[in-house]
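# Structural characterization, general
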Amino acid sequence: MSIDLPQPAADYFAADKGRSAEDVAACFTEGAIVRDEGNTYAGREAIRHWKESSSTKYTYTVEPFAIAAEDGRTVVTSHLAGDFPGSPVDLRYVFVFEGNKIAELEIAV
């Protein structure tokens, strides 16, 4: 199923699919915040390190299948499958955009 993602979210999922931590970090504002697995990563460099670590630790695919607006945020629900504990799982990617970049991202079950 294909959904129409806002450009910053589409850019993020494309960069993640390419496994480039640099490309993923470039999707974010300089002062962006990511919350994932109980950790918070602040700033583009911390986000690059987060993505570099998760991309080398696990092999996975992400398939966005639903999108909704919620309290000024964009929520993209995606099917994540790979060689990580608990796979497969559907995760909510909660985005806050600033222009054509991501200012905040929270990844949660």
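Just so it is clear, the model here is predicted, and its values are computed rather than measured.

Turning to the overall build of the protein chain, a few remarks are in order. Check the secondary structure of the protein chain and you find three helices and six strands. When the helices and strands of the protein chain are read in sequence order from the N terminus, they spell out α-α-β-β-α-β-β-β-β. Computed over the C-alpha atoms, the radius of gyration of the protein chain is 13 Å, within 12% of the 13 Å expected from 2.2 N^0.38 for a compact globule of 109 residues. Referenced to the eigenvectors of the C-alpha coordinate spread, the extents of the protein chain come out at roughly 35 × 30 × 25 Å. For the protein chain, contacts bridging at least 24 residues in sequence account for 40% of all contacts bridging at least 6. Taken together, the 10 basic and 18 acidic charged side chains of the protein chain have centroids lying 2 Å from each other.

Let's shift gears to the pairing of strand E5 (residues 89–98). Where strand E4 (residues 73–82) lies against E5, seven bridges are found, and the strand directions are antiparallel. Residue pairing across strands places valine 75 opposite valine 94, the latter belonging to E5. Pairing of E5 with strand E6 (residues 101–108) involves seven bridges; the strand directions are antiparallel. Opposite phenylalanine 97, over in E6, you have isoleucine 102 as the bridge partner. Counted between consecutive antiparallel strands, the loop separating E5 from E6 contains two residues, among which glycine 99 sits at a positive phi close to 65 degrees.

In this structure, Tyr12, Phe13, Phe28, Tyr93, Phe95 and Leu105 are the most contacted members of the largest nonpolar core, which totals 23 residues. Where this core is concerned, the elements lending two or more residues are helix H1 (7–17), strand E1 (28–36), helix H3 (44–57), strand E3 (60–70), E4, E5 and E6. If you tally residues by element for this core, the top one is H1, at four residues. If we skip the residues at most four places from it in the chain, tyrosine 93 touches Tyr12, Phe13, Val62, Thr74, Val75, Val76, Ser78, Leu80, Leu105, Glu106 and Ile107.

This brings us to the packing of aromatic side chains. Here the structure, examined in full by the defined rule, presents nine aromatic pairs. Relative to phenylalanine 95, the ring of tyrosine 12 lies with its centre 5.9 Å away and its plane at 70 degrees, an arrangement referred to as edge-to-face. With tyrosine 12 in helix H1 and phenylalanine 95 in strand E5, this residue pair connects regions lying 83 residues apart in the sequence. With respect to burial, tyrosine 12 and phenylalanine 95 carry one shared label: buried. Centre to centre, the rings of tyrosine 58 and phenylalanine 84 are 6.2 Å apart; their planes meet at 70 degrees, and the pair counts as edge-to-face. Pair noted here: tyrosine 58 is in the loop between H3 and E3 and phenylalanine 84 is in the loop between E4 and E5, with a separation of 26 residues, a long-range link. Accessibility expressed as a relative area gives 25% for tyrosine 58, which makes it partly exposed. Taken together through their ring pairs, the aromatic side chains of Tyr12, Phe13, Phe28, Tyr93, Phe95 and Phe97 make up a single cluster. A cation over a ring is seen here: arginine 19 above tyrosine 60, with NZ or CZ 4.0 Å from the ring centre.

Procedures and definitions
- Residues numbered from 1 in each chain as written.
- Predicted model: local features only at pLDDT ≥ 70, side-chain atom pairs only at ≥ 80, totals over all residues.
- Heavy atoms only, no water.
- Helix = DSSP H or I, 4+ residues; strand = E, 2+ residues; numbered from the N terminus.
- Rg over C-alpha atoms; globule rule 2.2 N^0.38 Å.
- Contact = heavy atoms within 4.5 Å.
- Lys, Arg positive; Asp, Glu negative; His and termini not counted.
- Charge placed at Lys NZ, Arg CZ, Asp CG, Glu CD.
- Pairing = 2+ DSSP bridges.
- Core = buried A, V, L, I, M, F, W, Y, C linked by side-chain atoms within 4.5 Å.
- Buried < 20%, exposed > 50% of the residue type's maximum accessible area, 1.4 Å probe, protein only.
- Phe/Tyr/Trp six-rings, centres within 6.5 Å; stacked < 30°, edge-to-face > 60°.
- Lys NZ or Arg CZ within 6 Å of the ring centre and 35° of its normal.

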